[in-house]
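For reference, the chains in residue letters:
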Amino acid sequence: MTVDDYDVVVIGAGFAGMYAAYKARQDGLTVHGFEAGNDVGGTWYWNRYPGARCDVESVDYSFSFDDALQQEWTWSERFATQPEILSYLRHAAGRFGLYELFSFDSRVTAARYADGAWTVTTAGGRSVRGRFVVLATGSLSVPNRPAIPGADEFAGEVYFTAEWPHEPVSLDGKRVGVIGTGSSGIQTVPEVAKRAAALTVFQRTANYSIPAVSEPLPPEEFAEVKAHYAERRVRTRRGLYGSPARDPHPLHPLAISPEERNQVLEQRWTYGGVFFARSFPDQMVDADTNRVASEFVHGKIRQIVRDPRTADDLIPDDHPIGAKRICTDSGYYAVFNQEHVRLVNLRRDPIERIEPTGIRTATGLTELDVLIYATGFDAFTGAVTRMDIRGLDGAALADTWADGPITFLGLVVPGFPNLFLLNGPGSSGPLSNMVLCAEQQIDWVYQVVAATRERAATAVDVTVNDAEKWTDLVDETAQATLFTRAKSWYTGSNIEGKKERFMPYAGGMGAYVDHLTAEADAGFPTL
Ligand code: N01
């Protein structure tokens, strides 16, 4: 069997993989990509549950590498829905000839390094060789399937939000249960409530949610964005959270009057979206500031939800606001005022087992026709460690990361030469803007590729010491914030048995880009 040879093999055809393949070809490299799904889209291909939409403004959460594309595309809403983002990505794939660079329905199961190149193998048994491999496998792409006793015995329909069927799903007149109240659960619950005869939401941990307030983008606002797009992209890359749209109020909340404080928070609540996490500049580092914002939301929940006991159950009490990614919703809290919607607080009334007809908690059986798992992801490491990736001397990446993932700049793992991760552990993307962060990383990766050629070297690698230094910096940066005060997919604590380590770089996208630039400008001394 002959094995095709490429300069670059890209794994994954979401935003990151698409640009990685595009840029390789632009740089005159031969490239081939593999994608497990049967189309481009990644996250936006798989997560097609009712209510799915982005929580970063789409004018920012979109490709910036081609001005003609950003000028010609018109987003219909401020925060785009999943179908609109998927059609945008299909449009981009067609426009830039990316379909021909990928094999679809091709899940990569193994990648082995030997003699300066990687052999990448799919579940279908196809192998190709690539000098460089780019893992664009997504940081939230492996669904978490909780081991609840009896789960396999449920006789009704079972869906995961992260693997929602491509065929229409009818929930009309059915008794539906949703497990999980993170972004996915909170987004889907109001939509499910519109169809179901009865909806029971099983909540283990209450979460903060802010109205998404998605509305049509006024044409004049969009024209303004387009007129200054390049400048906006620069500000986004320099910013903390990957969207420049709303600056925090400049003062500490305790330095202004209660009325003004309330006004600041009310404005941001009304504007909607994840910007609420930085209503004040030090909201993610100062516990007092954070408490002001948290208590404002507690008040909102009490105002919206009529039943005081349900309101109490919905109020988070175990983490600062924003320490888990803030959820954005379209009518989540108000849904509990509807007669046919019920909240089960699993802290008080835990699940005992799943039975053929429903979920049995300590207080009894909730009969269900449909069970929806919105139980999150094995984030950052899940997609990577599920492949059999072997670097120098046959070492397995899963073993190298057994005590938690270590990387240099979130991109390179010691002992795995010529292999690059996108939006992986140690990068800022998951806390800012995954699209722009991936673009930035990909530009850096191809600078490394060019430098390797200039050096006439076979491979680039990093020492364990340098990767540990970066990983320690990621840890110290997080420890200086309130992010570490929550159990979440940021730390891996949402997955049973997973080693806990705060994985994203919390210093902001601007600082992260500075680190990438410094390494590149110095001629990649660490590699
Ligand atoms: O996942 P999550 P997600 N029994 O991990 C619960 C992005 N995203 O898919 O907190 C009962 O946040 C778990 O409970 P607990 C966004 O970055 C973005 O919702 O572990 N419950 C939790 O409530 C987001 O942060 C968008 O106690 C169980 C829920 O399942 C990230 O993806 C939309 C359980 C999981 O919440 C992940 O969000 C969607 C069990 N055994 C996602 N196991 C937007 O752009 C887990 N849970 C808006």
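Relevant structure appears above.
As the structure is a prediction and not an experimental result, all values here were calculated from the model.

Asker: So what exactly am I meant to see when it comes to the pattern of salt bridges here?
Answerer: Pairing is possible between side chains that carry opposite charge, provided their charged atoms lie close to one another. Applying the stated criterion across every chain yields a total of 33 salt bridges. Across the pair R126 and D4 runs a salt bridge whose closest N-O atoms are separated by 3.7 Å. Here R126, found in the loop between β5 (117-122) and β6 (127-135), pairs with D4, found in strand β1 (residues 4-11); they are 122 residues apart in sequence, far enough to count as distant. Of the residues examined, R126 reaches a relative accessible area of 32% and is grouped as partly exposed. The network of salt bridges with common partners includes E57, R78, E215 and E221.

Asker: Teacher, can you tell me more about helix α6 (residues 219-227) here?
Answerer: An α-helical segment advances 3.6 residues per turn. Residues three or four places apart therefore align on the same side. For α6, the full list of buried residues reads F222, V225 and K226. Along the axis of α6, the buried residues cluster in a sector spanning 95°; they form a single face. Exposed and facing more than 90 degrees away from the buried side of α6 are E220 and A227. Residues of α6 that are buried make contact with α3 (67-72) and α7 (229-238).

Asker: Looking at this structure, I do not really get the sheet that holds strand β15 (residues 364-367). What am I missing?
Answerer: Backbone-to-backbone hydrogen bonds pair the strands of a sheet. The strands run either parallel or antiparallel. The three strands lie next to each other as β13-β14-β15, forming an open sheet whose pairing is antiparallel. Strands with a single pairing partner mark the edges of an open sheet, and in this sheet they are β13 (351-355) and β15. Mean inter-strand twist for the sheet, computed between neighbouring axes without regard to direction, equals 20°. The pairing of strand β14 (residues 358-361) with β15 spans four bridges and is antiparallel. The residue bridging G358 from the neighbouring strand is E367, located in β15.

Asker: Where do I start with the packing of α7 against helix α14 (residues 434-454) in this structure?
Answerer: Packed helices, taken two at a time, are described by the angle their axes make and the gap between the axes. Between α7 and α14, the shortest axis-to-axis distance is 10 Å and the interhelical angle comes to 90°. Between α7 and α14, the crossing angle belongs to the class labelled roughly perpendicular. Residues R233, T236 and R237 of α7 touch α14, and the partners they reach there are L436, E439 and Q440. Per-class residue counts for the contact of α7 with α14 are one nonpolar, two polar and three charged.

Asker: Hey, could you run me through the nonpolar core in this one?
Answerer: Burial of nonpolar side chains together is a common tendency in soluble globular proteins. Judged by nonpolar contacts, the single largest core of 72 residues is most densely connected at F63 and W444. Where this core is concerned, the elements lending two or more residues are β1, α1 (15-26), α4 (82-95), β6, α6, α14, α15 (464-479) and α16 (509-521). Residues A277, V305, I321 and C327 belong to the second largest nonpolar core, which totals 45 residues.

Asker: Could you clarify how one ought to interpret the site of the ligand in this entry?
Answerer: Close to the ligand lie 26 residues, the nearest being S184, Q187, R204, T205 and W489. In the model, an oxygen atom of the ligand is placed 2.9 Å from a nitrogen or oxygen of the T181 main chain. Within the side chain of R204, an N or O atom sits 2.8 Å from an oxygen atom of the ligand. Here the ligand, which alone exposes 910 Å², has 86% of that area covered by the protein. It is helix α5 (residues 183-195) that contributes the most residues to the shell around the ligand, three residues altogether. Here the shell around the ligand is composed, by residue class, of nine nonpolar, 11 polar and six charged.

Asker: Would you explain the sheet that holds strand β12 (residues 341-345) in this entry?
Answerer: One open sheet holds the five strands; their spatial order is β7-β16-β8-β9-β12, and the pairing between them is parallel. The open sheet is flanked by β7 (157-160) and β12, the only strands paired with a single partner. Ignoring strand direction, the axes of neighbouring strands in this sheet form an average angle of 20°. Looking at chain direction, strand β8 (residues 175-179) and strand β9 (residues 198-203) are connected through five bridges and run parallel. The residue bridging G177 from the neighbouring strand is T200, located in β9. Contacts between α5 and the sheet are confined to β8, β9, β12 and β16 (370-373), with β9 contributing the most and set at about 160° to the helix.

Asker: Would you explain the pairing of β14 in this entry?
Answerer: Taken residue by residue, a regular strand's side chains alternate between the two faces of the sheet. Note that β13 and β14 share four bridges and pair antiparallel. When the sheet's bridge partners are listed, E355 is paired in β14 with G358. Between the antiparallel neighbours β13 and β14 lie two residues.

Asker: Looking at this model, I keep getting lost on the side chain of S184. Mind explaining?
Answerer: Looking at the element boundaries, S184 is found in helix α5. With sequence-adjacent residues up to four places away left out, S184 is seen in contact with Y49, T161 and A374.

Asker: Looking at this structure, I do not really get a negative patch on the surface. What am I missing?
Answerer: The grouping of E468, D472, D475 and E476 at the surface amounts to a negative patch. Along the chain, D475 turns up in helix α15. Its relative accessible area of 31% is what places D475 among the partly exposed residues.

Criteria and cut-off values
- Residues numbered from 1 in each chain as written.
- Predicted model: local features only at pLDDT ≥ 70, side-chain atom pairs only at ≥ 80, totals over all residues.
- Heavy atoms only, no water.
- Salt bridge = Lys/Arg side-chain N within 4 Å of Asp/Glu carboxyl O.
- Helix = DSSP H or I, 4+ residues; strand = E, 2+ residues; numbered from the N terminus.
- Buried < 20%, exposed > 50% of the residue type's maximum accessible area, 1.4 Å probe, protein only.
- Arc of directions from axis to C-beta.
- Contact = heavy atoms within 4.5 Å.
- Pairing = 2+ DSSP bridges.
- Axes fitted to C-alpha atoms, helices over the stretch in contact; angles between N-to-C directions.
- Parallel < 35°, antiparallel > 145°, perpendicular 65-115°, else oblique.
- Nonpolar A, V, L, I, M, F, W, Y, C, P; charged D, E, K, R; others polar.
- Core = buried A, V, L, I, M, F, W, Y, C linked by side-chain atoms within 4.5 Å.
- Near = heavy atom within 4 Å.
- Polar contact = N/O pair within 3.5 Å; in protein donor to acceptor, adjacent residues only side chain to side chain.
- Areas by Shrake-Rupley, 256 points an atom, 1.4 Å probe, with all protein chains shown as cover.
- Patch = residues over 30% accessible without salt bridge, like charges linked within 9 Å, V, L, I, M, F, W, Y side chains within 5 Å.
- Lys, Arg positive; Asp, Glu negative; His and termini not counted.
- Charge placed at Lys NZ, Arg CZ, Asp CG, Glu CD.

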